[in-house]
Amino acid sequence: MEKSRRNFLIGTSIVAGSAAVGGYHETLGKAITMQRRGEKAKDSIYGNAPLTEIIQKEGKIAFSNDYVVKPSVCNGCTTFCSVRVKIDAKSGEVVRVFGNPYSLLSSDPWLPYKTPLIESFKATSGFKESGLEMRSTACSRGNLVYEKLKDPFRVTTPLKRVGKRGEDKWASISIEQLIKEISEGGNLFGEGEVQGLKALADTKTLIDAQNPDYGPIANKLCVLGTADEGRQNYMVHRFVQSFGTVNFMGHTSICGLSMRAGEAAYLDDFATSPHMKPDFEHCEFLLSIGTAPAQAGNPFKRQAKLLAKSRTGGALRYVIVTPILTNSDSIAVGERSRWLPIKPSGDLALVMGMIRVIIDEERYLKAYLAIPSDVAQKTLNEVSFTNASHLVIMDGAKKGEILVDDAKAAYVIDKADGLLKNAANVLEADILYEGDVSLEGVKYTVKSSFVLLKEAAFEHSLDFYAKESGVDEKTILELAREFTSYGRSVGVDCHGGTMHSTGFYTTYAIMMLGALVGNLNHKGGMSVGGGKFKDFNGSCYNLLAYAGKQKPFGVRIDRARMAYEKTSEYKRKVEQGQNPYPAKDAWFPFSPAIESEVINSSANAYPYKLGALISWNANFVYGQSGSEHLLPLLKDPAKAIPLFVAIDPFINETSRYADYIVPDSVLYETWGVLAPWAGHLTKTTHVRYPILKSPNATFANGEPISMDSFMIELGKALGLAGFGKNAINGTTAKFDFDKPEDFYLRAFENVAMDGATPAPEASDDEIALAGLGEYLPMLQRICTDNWRRVAYVMSRGGRFADKVSAYEGNKMSNAYKKPIAIYNQTLGTGFNSLSGESYSGVPRYYMPRFYTGAKIDMDSKEFNLLAFSYKSNVLSSYSASVEALRDTRYTTFVDLSTTTAKQYGIAHGDHVVVSSSEGKVQGICRIREGLHPRSIGIEHGGGRIGEGGLSVQIDGVKKEGRIARRSGININTLGLSDASRLNIATLSDFVVGSNARQAIPVRIEKL
Ligand code: SF4
């Protein structure tokens, strides 16, 4: 047992004994001796709490010289909150982390941007108890995640594998040697020749002359990122697009792609996939499906705060639909919050049932749906509009297309006179039209988008939807009526729960509920976010453009963003008179990027085999359901990835298979510019700059090794454009690009100078208070005349519009402008590349299925329970190495309902085995009341072997892995493969390829 843990237990028994014999005061005094895990505390009242940074003296406040407080960005989860970091002035170590009161991700209300810095500290302090009103917080993870900075398993020097991939043996090498080896290639491991990156940086020679659409050799480099924590544009525009490859992908396919793509279908924007969120503050009714505000989700703290406020001070009522009872529900607010248990993957049937009821009982907002264009929207002073009345061609060569004129403007039937007209000339269109129309002498059989939605919803009875969802008919009926009883201040939300095989249509259907009540851009309804200040391409610089930047082209390794019907493979088959279906494997034209398709695609050499992979903090081996099936492909360099370079501050489950590891910066050592995903209604940009010294080895120019500095030096070594002399485009001049600050400080300057009124100038006092003194030489050199405005942005952790700018009357100020797609033409004219089946252009019920349509048996006798994953408010994939969080959550469990446990004779605390047809996990069973009886829940974040879980050997010295980090269960070990695909592919949503980790059929047995 670890010493501190033993001390904790000893401490517990002492206090228990004391409590029995002493009074409260005495017990308190002794209990406090337990502060710091059993070690005696310094103070009997305040324990080991550090002294405050604010000193109150005679009605005034002053700053302690012992500390400096600087703004930064947390990455304890993908919310990336703006926080303030208290640093010990002498040791330079982090003392504590709290919220940034200027940022809406940590405060609500947040401070007006012009608030003097000193006032911001007063506002959040105990001074006149102002901190009670103006609380600005970090969550439990955010408070502790800084432990990562000093973690003994952190990689601080470049590593090269010794022995085979995955043997966890490494040798440290210089960064110069690493760059030389990966650039030049050679017999790097005594296993044969490896092609270097120089040979792959070829944007002229085609990969495959037979398939010119695959693009140039440069596409044989794939770069994997993760969630954008403020540096993705740097990586993509300054390196990936300079190299010339099309293959960059973030982690969306193993996180929330089904949600992103479903919302993109609804907003008819697959290119940029805008993110939607309810306006929690003014919402009157919220339906949240497969996500749990106040427990998890993004923005985690903000939506928790707003939910709590709205259900007490506001008018909010809400229903949370999940297989497990979550912290979203609150007994304290009585009827205002409700949990509706559902079996995993039952959500699509539930929502299609609701749509059926709403249409059947005509509870939809007819006048809103009849608005056919932006012109009519403006005239009617409306918030948004849909294509409900647009006419879809039902047969002939244009089948599935919307009837439009040469300028792509839709035709509709005018409700006033029944005539076919251009939508811009109609105020109220017929949404129920079906029949024939004539246009320029051509007859078309058409149906309105709304009719197609109605038909899809009516394809099944309510009884059918009840059976498939596991929610009874009466409940579906009542929920549909309730949803349509609160006007337009109604929200819908979903996230990780839709990561199953039909998750894309599930999200599209959930969002469609919103269209039926007209909630997009409406106060209290749905928002696409408040936007951001211009950052990388702004009034001072275009940091994304430079001489010699490539325009990457060709088919992506994941076969995303491209329809199979556009490929040379398809055309060749058609020309040869063959049936073009099936293709060799699945294509995903509506998806932006699919990390979970990289390894199998390369191993299959379809569309081609990769030459090299650079992963940057990516971890699909832990995060991808069924990734175990891919390990043999990853372990053998000959199979899928001949050269694998990981940029990572830790050796994680994926980077342990790399050939080389380049250390990255961590948390507050890092640069970045980022905006919230959604959940904000006002313009918001956060900035992050190194406020701590990196412990990493350095380049010859003194710059610590990180992703940012590595890409510059690698780019120079490869002779790529966009690095070094004159590589940065200013509005009036060009500048050198040699260090990360050359890029990021200029992005900060763009942010500061955006708009008619730039950010104010920081005074000398504020510069001193924000601890910006050390940055002044760099600031003045790079930002010249604007440096004080940039300092103002840096001192506040970003630039933020004030809360008052959120609405214009009942409308959101930053409104979504395009029509909502009741029918999505891109989708409705697409095909499944293996079966040739047409995709439905409207939400429709599909059984849980494999890619080609074979049903996943959810009711088999052998695997008769359904496993699902959920997130808590404690763990995240970023928290493996945070030891202090283990005091709150030591491990994760197999959660089972009391009913099911009884049925199987399993007791609380029993050791159990959960098996799917392809995987197995062992764990401790936790019996809970709040769980759907058909389900088994497993919390995300446990069962880590990376980041210090496994032992590693570096330069011959063994670092013993910590058993506590391995504790718990990773549900992804149960993941299924899809036998209808080429060789090995993990199960995914059948339309967009999002990895399917929810609703895995399993059985449970007592060990
Ligand atoms: S929600 Fe918590 S862990 Fe996530 S970024 Fe914010 S403070 Fe950090």
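Per an unreviewed UniProt entry, the protein chain is named Molybdopterin oxidoreductase subunit A, and its organism is Sulfurospirillum diekertiae. UniProt, in its Sequence similarities (unreviewed entry) section for the protein chain, records the words "Belongs to the prokaryotic molybdopterin-containing oxidoreductase family."

Take the packing of aromatic side chains next. In this structure the tally under the stated criterion is 40 aromatic pairs. Taking 6.3 Å as the distance between ring centres and 80° as the angle between the ring planes, the aromatic pair formed by Tyr 465 and Tyr 845 counts as edge-to-face. Of this pair, Tyr 465 sits in helix α15 (residues 462–469) while Tyr 845 is found in the loop between α27 (825–828) and β34 (865–870), placing the two residues 380 residues apart along the sequence. Given the relative accessible area of 7%, Tyr 845 is considered buried. On the numbers, 5.1 Å between centres and 65° between planes, the contact of Phe 504 with Tyr 505 is edge-to-face. As far as the burial class goes, Phe 504 and Tyr 505 line up, both buried. Sitting over the face of the ring of Phe 990, Arg 849 holds its NZ or CZ atom 3.7 Å from the ring centroid.

If you check the shell around the ligand, you find Cys 74, Gly 76, Cys 77, Phe 80, Cys 81, Cys 139, Arg 141, Gly 142, Phe 300 and Lys 301 and nothing else. For the shell around the ligand, the residue count by class is 6 nonpolar, 2 polar and 2 charged.

A word on the pattern of salt bridges. Within this structure, the stated rule accounts for 63 salt bridges. For the salt bridge of Lys 639 with Asp 636, the shortest nitrogen-to-oxygen distance reads 3.9 Å. Looking at Lys 639, the relative accessible area reads 40%, which means it is partly exposed. One salt bridge in this structure joins Lys 725 and Asp 736, with 3.3 Å as the shortest N-O distance. With Lys 725 in strand β29 (residues 724–730) and Asp 736 in strand β30 (residues 734–737), the pair connects residues that are 11 residues apart, well separated along the chain. Its relative accessible area of 65% is what places Lys 725 among the exposed residues. By relative accessible area, which is 26% here, Asp 736 ends up partly exposed.

It is worth spelling out the sheet that holds strand β19 (residues 434–439) at this point. The 3 strands are arranged β16-β20-β19 in an open sheet whose pairing can be described as antiparallel. The sheet is open, and its two edges are formed by β16 (391–393) and β19, each paired on a single side. Each strand of the sheet is rotated relative to its neighbour by a mean of 45°, with strand direction disregarded. Two elements, β16 and strand β20 (residues 442–448), share 3 bridges in a ladder whose sense is antiparallel. Paired with Leu 391 across the bridge in β20 is Ser 448. Its contacts with the sheet put helix α14 (residues 449–457) on β16, β19 and β20, and the angle it makes with β20 is roughly 50°.

UniProt's feature table lists "domain: 4Fe-4S Mo/W bis-MGD-type" (unreviewed entry) at residues 67–153, given in the numbering used throughout. The span residues 67–153 is 18% helical and 23% strand by assignment, and the distance between its end C-alpha atoms comes to 28 Å.

Note the cis peptide between Tyr 581 and Pro 582, where omega equals 0°. Among the secondary structure elements, Pro 582 is positioned in the loop between α18 (568–575) and α19 (598–603). Residue Pro 607 is bonded to the preceding Tyr 606 through a cis peptide linkage, with omega at 15°. With respect to the helices and strands, the residue Pro 607 is situated in the loop between α19 and β24 (612–616). If you check the backbone angles, Arg 561 has positive phi at about 65° while not being a glycine. Assessed through its relative accessible area of 54%, Arg 561 is described here as exposed. Residues other than glycine seldom take positive phi values, yet Ala 999 does so here, at roughly 60°. Inspection of the secondary structure assignment puts Ala 999 in the loop between α29 (963–966) and β41 (1000–1006). Under the relative-accessibility criterion, Ala 999 is labelled buried at 6%.

Both β19 and β20 contribute to a ladder of 6 bridges, which runs antiparallel. In the sheet register, Gly 435 faces β20, and the bridge partner there is Val 446. Remark: 2 residues form the turn of the hairpin made by β19 and β20, two consecutive strands paired antiparallel; Glu 440 in that turn has positive phi of roughly 45°.

Tallied over the entire structure, the rule returns 0 disulfides. Cysteine Cys 494 remains unbridged, with the sulfur of Cys 255 as its closest cysteine sulfur at 12 Å. For Cys 494, a relative accessible area of 1% puts it in the buried group.

What follows concerns the domain arrangement of the protein chain. Domain annotation of the protein chain identifies domain 1 (1–49), domain 2 (276–527) and domain 3 (858–1006). Centre-to-centre, using C-alpha coordinates, domain 2 lies 33 Å away from domain 3. Buried area between domain 2 and domain 3, summed over both chains or domains, comes out near 1,900 Å², and the portion from carbon and sulfur atoms is 66%. Three residues stand out in domain 2 for area buried against domain 3, namely Ile 324, Pro 344 and Met 499, and they jointly supply 31% of the buried area on that side. Our enumeration of links across domain 2 and domain 3 arrives at 11 residue pairs in polar contact (both at pLDDT 80 or more). For the side of domain 2 that touches domain 3, the secondary structure elements donating two or more residues are β15 (337–341) and α17 (503–517). Here the side of domain 2 that touches domain 3 takes 3 residues from α17, the largest share from any one element. Each residue belonging to the side of domain 2 that touches domain 3 can be placed in one class, and the counts come to 12 nonpolar, 10 polar and 1 charged.

It is worth spelling out the nonpolar core at this point. Ranked by internal contacts, the top residues of the largest apolar core, which has 112 residues, are Leu 197, Phe 239, Tyr 668 and Phe 710. Take this core: its biggest share by element is 8 residues, from helix α23 (residues 740–753). Leave out the neighbours within four places in its chain, and Phe 239 touches Leu 221, Tyr 234, Ile 614, Met 711, Leu 714, Leu 718, Leu 720 and Phe 723. By size, the runner-up hydrophobic cluster in this structure holds 88 residues, among which are Leu 340, Ala 480, Met 511 and Leu 827.

A word on the sheet that holds strand β31 (residues 798–800). Judged by pairing direction, the sheet is antiparallel, and its 3 strands sit side by side in the order β27-β28-β31 without closing on themselves. Where the open sheet ends on each side, the last strands, each with one partner, are β27 (672–674) and β31. Between one strand axis and the next, the sheet turns through 15° on average, direction left out of account.

This paragraph deals with the confidence of the model for the protein chain. For the protein chain, per-residue confidence averages 94 on the pLDDT scale, and 96% of positions sit at 70 or higher. When the criterion is pLDDT under 50, residues 1–30 qualifies, and its contacts beyond four places in sequence or with other chains add up to 20 contacts.

The next thing to look at is the environment of Asn 864. Position of Asn 864 among the secondary structure elements: in the loop between α27 and β34. In this structure, the C-alpha to C-alpha distance between Asn 864 and Ser 916, residues 52 residues apart in sequence, is 9.9 Å. If we ignore the near neighbours within four places in the chain, the residues touching Asn 864 are Tyr 904, Arg 934 and Val 1002.

As a further point, take helix α6 (residues 175–184). All buried positions along α6 are accounted for by Ile 175, Leu 178, Ile 179, Glu 181, Ile 182 and Ser 183. In this structure, the buried side of α6 is in contact with β6 (159–161), β8 (185–186), α7 (197–200), β25 (643–647), β26 (660–662) and α22 (707–717). Positive phi shows up at Gly 185, right after α6, with a value of about 75°.

With that out of the way, let us pick up the side chain of Gln 624. Residue placement: Gln 624 occurs in the loop between α20 (620–623) and α21 (631–635). Among the polar contacts made by the side chain of Gln 624, one reaches the side chain of Thr 986 at a distance of 2.9 Å. Excluding residues within four positions of it along the chain, Gln 624 makes contact with Ile 254, Ser 596, Leu 630, Asn 972, Thr 986 and Asn 995.

With that settled, the discussion passes to the environment of Asp 417. Assignment of secondary structure puts Asp 417 in the loop between β17 (411–413) and β18 (420–422). When its relative accessible area of 39% is taken as the criterion, Asp 417 is described as partly exposed. At a separation of 3.0 Å, a polar atom in the side chain of Asp 417 contacts the main-chain amide nitrogen of Leu 419. A distance of 2.7 Å separates polar atoms of two side chains, one belonging to Asp 417 and the other to Lys 421.

Across the interface, α6 lies against α22 with an axial gap of 10 Å and an inter-helix angle of 50°. Classified by the angle between their axes, α6 and α22 sit oblique to one another. Seen along the crossing, α6 lies across α22 with a hand that is right-handed. Residues Ile 175, Leu 178, Ile 179, Ile 182 and Ser 183 of α6 pack against Phe 710, Glu 713, Leu 714 and Ala 717 of α22. For the contact of α6 with α22, the per-class residue count stands at 7 nonpolar, 1 polar and 1 charged.

About the cut-offs
- Residues numbered from 1 in each chain as written.
- Predicted model: local features only at pLDDT ≥ 70, side-chain atom pairs only at ≥ 80, totals over all residues.
- Heavy atoms only, no water.
- UniProt positions renumbered as here; feature names shortened; annotations may be inferred.
- Phe/Tyr/Trp six-rings, centres within 6.5 Å; stacked < 30°, edge-to-face > 60°.
- Helix = DSSP H or I, 4+ residues; strand = E, 2+ residues; numbered from the N terminus.
- Buried < 20%, exposed > 50% of the residue type's maximum accessible area, 1.4 Å probe, protein only.
- Lys NZ or Arg CZ within 6 Å of the ring centre and 35° of its normal.
- Near = heavy atom within 4 Å.
- Nonpolar A, V, L, I, M, F, W, Y, C, P; charged D, E, K, R; others polar.
- Salt bridge = Lys/Arg side-chain N within 4 Å of Asp/Glu carboxyl O.
- Pairing = 2+ DSSP bridges.
- Axes fitted to C-alpha atoms, helices over the stretch in contact; angles between N-to-C directions.
- Contact = heavy atoms within 4.5 Å.
- Disulfide = S-S within 2.5 Å.
- Domains from an automatic or database assignment.
- Buried area = accessible area lost by both parts, 1.4 Å probe.
- Polar contact = N/O pair within 3.5 Å; in protein donor to acceptor, adjacent residues only side chain to side chain.
- Core = buried A, V, L, I, M, F, W, Y, C linked by side-chain atoms within 4.5 Å.
- pLDDT = per-residue confidence, 0-100.
- Parallel < 35°, antiparallel > 145°, perpendicular 65-115°, else oblique.
- Left-handed = near helix turned anticlockwise from the far one by under 90°.

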